Amino acid sequence: MIKVENLTKSYGNFQALKGVSFSVQKGEILGFLGPNGAGKTTTMRILTCFFPATSGKATVAGFDVFAEPHEVRKKIGYLPENVPLYLDMPVPDYLSFVAGLKGVKRREVKKQVETIMEECVLTHMSHKLVGELSKGYRQRVGIAQALLNDPEVLILDEPTIGLDPKQIIEIRKLIKGLAGRRTVILSTHILPEVSMTCQRVIIINEGRIIASDTPQNLTSKIQGENRLLVKVDGPSSEIIKNLEGIKGVRKISRKEGGNGISQYVVDSEKGVDVRREIPAVIVSKGWGLLELKPLEMSLEDIFVKLVTKE
Amino acid sequence: MRNCYLIAKKELQSYFTSPVAYVVITIFLIITGYFFYNLFASFSTLSFQASANPALAKQRNLLNVTETVIRPLFGNMSIIMLLMMPLLTMRLFSEEKKSGTIELLLTYPISDMEVIIGKFVACTTVFILMLSASITCPILVMVFGEPETGPIITGYLGLFLMGSAFISLGIFTSSITENQIVAATLSFGVLFLFWMMGYSVSFMGPTLGRIIMSISLIGHIEGFAKGVIDTTDIIYYLIFSSLFIFLTLRVMESKKWRG
């Protein structure tokens, strides 16, 4: 659906994008992850034909971004980063205005605006000016305008920034609900967001893509091993000795606590699951197993690892 | 076409939901009314004096209401327009640039030209409203005297053409900055220079003088106020307007190659 090849963009001497290539399949939700100033917004602006790239090629739904911007714009719904809306317009008026510009047929404008307002839970705000709405509702108006005329591709630049936790959950739900028929690219620098909403992640830093995979694969690839947290009531030196005897366990380290209840981190080799053997050993020795849970490397850790490796 | 209409409608809405249009129109009318009152009052004083002094009455054009009230009134109105029009145009692009709405607007499937024309039409509509409200002045003259209708009509035609030229310049200056004050100052400054140019003709050589006079804004409004429709004047304003519309289009396109 979207294909980007070797995109570069320079602002004067500063090179914001240094050769970015990726593609997005139809119906996929792609997370665009990176620290501030990594080039996320620049990439999105090029895809939405706001400005062209310095070099490289990008196509959306088969149309070239540089040669046929008009066609590309028809396919795209875009929500810029700080949600720039006309604050002096009533919500339905604003949406009708956008619907018209996006080419919704005159007769269908009213109906479509009503449907979208319902979808984005805005109906009870229809008597208000956009400027009177709270940040969360403005965000919804922003998403609503992106959804008008049913675009095949949605490009959302930091859609949950500045919202309260409840609103974030709602917006994420809204975005997840949009997938399937539509292709979505969303950028963020909040990591859990990506693991919660996206099927694929592209990590970008200083204008270059440094990783591209599913959130799960990224985690396991970088981690390289399985890590478990075990909380046991028993003599610690014996516990460590016994657990090290289990096949596949590479390393055990005590995290906290002395004799009695303490926590241990167990690293096992890649592909080996020792979650059955550990309780068996502990129970057979008569110690108390209080907790056993996998320790996943969070996307934060991966991110820091990738970015600092650069 | 529909996009132009939608943008024009939206811009008109924001002119009237904000106090901008009301304030500009009201102040314009108050100042116009004040000038008109002075012109008309001095005309009636003159008439009284002339009734006692036949020599005065013989002076050419002194007691012609068209020449002593209507014509100077148009001159005064054009100067008030010079002051007020930049205030109408300054927000058109600057505000969108500042608030970032231009980013969203330009990613809709519409052309740059449609945006410019939409905004131009909206601003011109406010201007026409402003101008047509001032028609009460000539109507009052008609009630109390017998002015010629010809110069009134051509005078308004001239003001309209000149106003459109002011608007396109204002749109241009608004498109090059995101600061409304800068936009207004620039357009006022340029307009004022184009206006004042006419005054330097007196000490210039005949050729240069004629060139300067043809560029100057002042040289092209006088004919209309006299009741003369000169195609040169019409073409001057049309070229002035289209030049700045064209430059605005270039400015909008420049984001494509500017780093």
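Residues numbered from 1 in each chain as written. Chains lettered and ligands numbered in written order. Predicted model: local features only at pLDDT ≥ 70, side-chain atom pairs only at ≥ 80, totals over all residues. Heavy atoms only, no water.

### A short note on the overall build of chain B
Keep this limit in mind: Strands are runs of DSSP state E lasting at least two residues, helices are runs of H or I lasting at least four, and both sets are numbered from the N terminus onward. Buried residues are those whose accessible area, probed at 1.4 Å on protein chains only, stays under 20% of the maximum for their type, while exposed residues exceed 50% and partly exposed ones sit between those limits. Pairs of residues are marked as contacts when any of their non-hydrogen atoms sit within 4.5 Å. Reported accessibility uses the Shrake-Rupley method at a 1.4 Å probe radius. Residues are deemed covered only where the shown protein chains occlude them. Charge assignment in this entry is limited to Lys and Arg as positive and Asp and Glu as negative, and neither His nor the chain termini are counted. For this purpose, a charge sits on NZ of Lys, CZ of Arg, CG of Asp or CD of Glu.
From N to C terminus, chain B includes 13 helices and zero strands. Scanning chain B from its N terminus toward the C terminus, one meets helices and strands in the order α-α-α-α-α-α-α-α-α-α-α-α-α. Along the longest, intermediate and shortest principal axes, the C-alpha atoms of chain B span 75 × 45 × 30 Å. Counting over 259 residues, chain B shows a buried share of 49%. Within chain B, residue pairs in contact and separated by at least 24 positions form 75% of the contacts whose partners lie at least 6 positions apart. When the accessible surface of chain B is totalled, it reaches about 12,100 Å², and 71% of it is carbon and sulfur. Taking the average location of the 16 positive side-chain charges in chain B and that of its 14 negative ones, the two points are 3 Å from each other.

### As for a nonpolar patch on the surface
Quick reminder of the rule: Patch construction takes residues with relative accessible area above 30% that form no salt bridge. Like charges are linked within 9 Å, and nonpolar side chains (Val, Leu, Ile, Met, Phe, Trp, Tyr) are linked within 5 Å. Here, a salt bridge means any side-chain nitrogen of Lys or Arg that lies within 4 Å of a carboxyl oxygen of Asp or Glu.
Taken together, the side chains of B:Val23, B:Ile27, B:Ile30, B:Ile31 and B:Phe35 define a hydrophobic patch exposed on the protein surface, amounting to about 390 Å² of accessible area. For B:Ile30, the location among the structural elements is in helix α2 (residues 20-52).

### Quick word on the domain arrangement of chain A
Threshold: Source of the domain bounds: an automatic or database domain assignment.
In terms of domain boundaries, chain A breaks down into domain 1 (2-213) and domain 2 (225-295). Averaged C-alpha coordinates put domain 1 of chain A and domain 2 of chain A at centres separated by 46 Å.

### Remarks on the side chain of B:Ser174
Residues and elements named next belong to chain B. As a reminder of what qualifies: Think of a polar contact as two N or O atoms within 3.5 Å of one another; within protein, one of them needs to be a possible hydrogen donor and the other a possible acceptor, and neighboring residues in sequence only count if both atoms come from side chains.
On the secondary structure map, Ser174 appears in helix α9 (residues 149-175). A polar atom in the side chain of Ser174 sits 3.0 Å from the backbone oxygen of Met90. Residues in contact with Ser174, not counting those within four places in the same chain, are Thr89, Met90, Arg91, Leu92, Phe93, Ser94 and Ala183.

### Some remarks on helix α9 (residues 236-244) of chain A
Residue and element names in this part refer to chain A. Stated formally: For this quantity, the arc is that covered by the directions from the helix axis to the C-beta atoms.
Every buried residue belonging to α9 is among Ser236, Ile239 and Leu243, and all of these are buried. Along α9, the residues classed as buried sweep out an arc of 55° about the axis, all on the same side. Residues of α9 that are exposed and angled more than 90 degrees away from the buried face: Ser237 and Lys241. Here the buried face of α9 lies against β11 (226-234), β12 (249-256), β13 (260-268) and α10 (277-285).

### What to know about the pattern of salt bridges
In the structure shown here, the tally under the stated rule is 17 salt bridges over all chains. Across the salt bridge formed by A:Arg182 and A:Asp150, the nearest N and O atoms sit 2.8 Å from each other. You can see A:Arg182 sitting in the loop between α6 (165-178) and β8 (183-188) and its partner A:Asp150 sitting in the loop between α5 (135-147) and β7 (153-157), a full 32 residues away along the chain. A relative accessible area of 7% places A:Arg182 in the buried class. Within this structure, B:Lys10, B:Glu11, B:Arg91, B:Glu95, B:Glu96 and B:Lys119 form a network of salt bridges that share partners.

### Examining the interface of chain B and chain A
In plain terms, the rule: Take the accessible area each of two parts loses on contact, using a 1.4 Å probe, and add the two losses: that sum is the buried area. Following the grouping adopted for this structure description, the nonpolar residues are Ala, Val, Leu, Ile, Met, Phe, Trp, Tyr, Cys and Pro, the charged ones are Asp, Glu, Lys and Arg, and the polar ones are all others, Gly among them.
Taken together, the 26 residues of chain B in the interface contact 32 residues of chain A. In this assembly, chain B packs against chain A so that about 2,600 Å² is buried in total across both faces, 62% of it on carbon and sulfur atoms. The three residues of chain B that bury the most area against chain A are B:Arg2, B:Glu103 and B:Pro109, which together make up 26% of that side's buried surface. Here chain B and chain A share one salt bridge between them. A salt bridge links B:Glu103 to A:Arg45; the shortest N-O distance between them is 2.8 Å. No other element matches helix α1 (residues 2-17) of chain B, which puts eight residues into the side of chain B that touches chain A. When its residues are assigned to classes, the side of chain B that touches chain A shows nine nonpolar, 10 polar and seven charged.

### Details of the sheet that holds strand β2 (residues 14-24) of chain A
All names here are of chain A. Basically, it comes down to this: At least two bridges found by DSSP between two strands is the condition for calling them paired.
Spatial ordering of the open sheet is given by β2-β1-β4-β5, a layout of four strands whose pairing is antiparallel. Only two strands of the sheet have a single neighbouring strand rather than two, namely β2 and β5 (63-64). The sheet contact formed by strand β4 (residues 55-60) and β5 spans two bridges and is antiparallel. Within the sheet, the bridge partner assigned to Thr59 lies in β5 and is Asp64.

### Here we look at the packing of α2(B) against helix α4 (residues 65-89) of chain B
Residue and element names in this part refer to chain B. For clarity, the cut-off: Angles here are taken between N-to-C directions and fall from 0 to 180 degrees, while the axes themselves are lines fitted to C-alpha atoms, restricted in helices to the stretch in contact. Note that the term roughly parallel is reserved for angles under 35 degrees, roughly antiparallel for angles over 145, roughly perpendicular for angles of 65 to 115, and oblique for everything else. Helix crossings fall into two classes, left-handed where the near helix is turned counterclockwise from the far one by less than a right angle and right-handed where it is turned clockwise.
Look at α2 against α4: their axes get within 9 Å of each other, and the N-to-C directions meet at 160°. With respect to α4, the axis of α2 lies roughly antiparallel. Seen from above, α2 lies across α4 with right-handed handedness. Taking contact as the criterion, the partners of Val20, Val24, Ile27, Phe28, Ile31, Thr32, Phe35, Phe36, Leu39, Phe40 and Phe43 in α2 are, on α4, Val65, Thr68, Val69, Pro72, Leu73, Asn76, Met77, Ile80, Met81, Met84, Leu87 and Leu88.

### Some words on the packing of aromatic side chains
Short version of the rule: Each Phe, Tyr or Trp ring, with Trp reduced to its six-membered ring, pairs with another whose centre is within 6.5 Å; inter-plane angles below 30 degrees give stacked pairs, above 60 give edge-to-face pairs, and intermediate values give tilted ones.
Enumeration over the complete set of coordinates arrives at 17 aromatic pairs over all chains. Summarising the aromatic geometry, the rings of A:Tyr11 and A:Phe51 are spaced 6.1 Å apart at their centres and angled 80° between planes, so their arrangement reads as edge-to-face. Here the residue A:Tyr11 occupies a position in strand β1 (residues 2-11), and A:Phe51 occupies one in the loop between α1 (40-47) and β4, the gap between them amounting to 40 residues. Centre to centre, the rings of A:Tyr86 and A:Phe97 are 6.0 Å apart; their planes meet at 70°, and the pair counts as edge-to-face. Of this pair, A:Tyr86 sits in the loop between β6 (76-79) and α3 (91-101) while A:Phe97 sits in helix α3, placing them 11 residues apart in sequence. The exposure class assigned to A:Phe97 is buried, which follows from its relative accessible area of 5%. Through successive ring pairs, a cluster of aromatic residues spans B:Phe172, B:Phe194, B:Phe224, B:Tyr236, B:Tyr237, B:Phe240 and B:Phe244.

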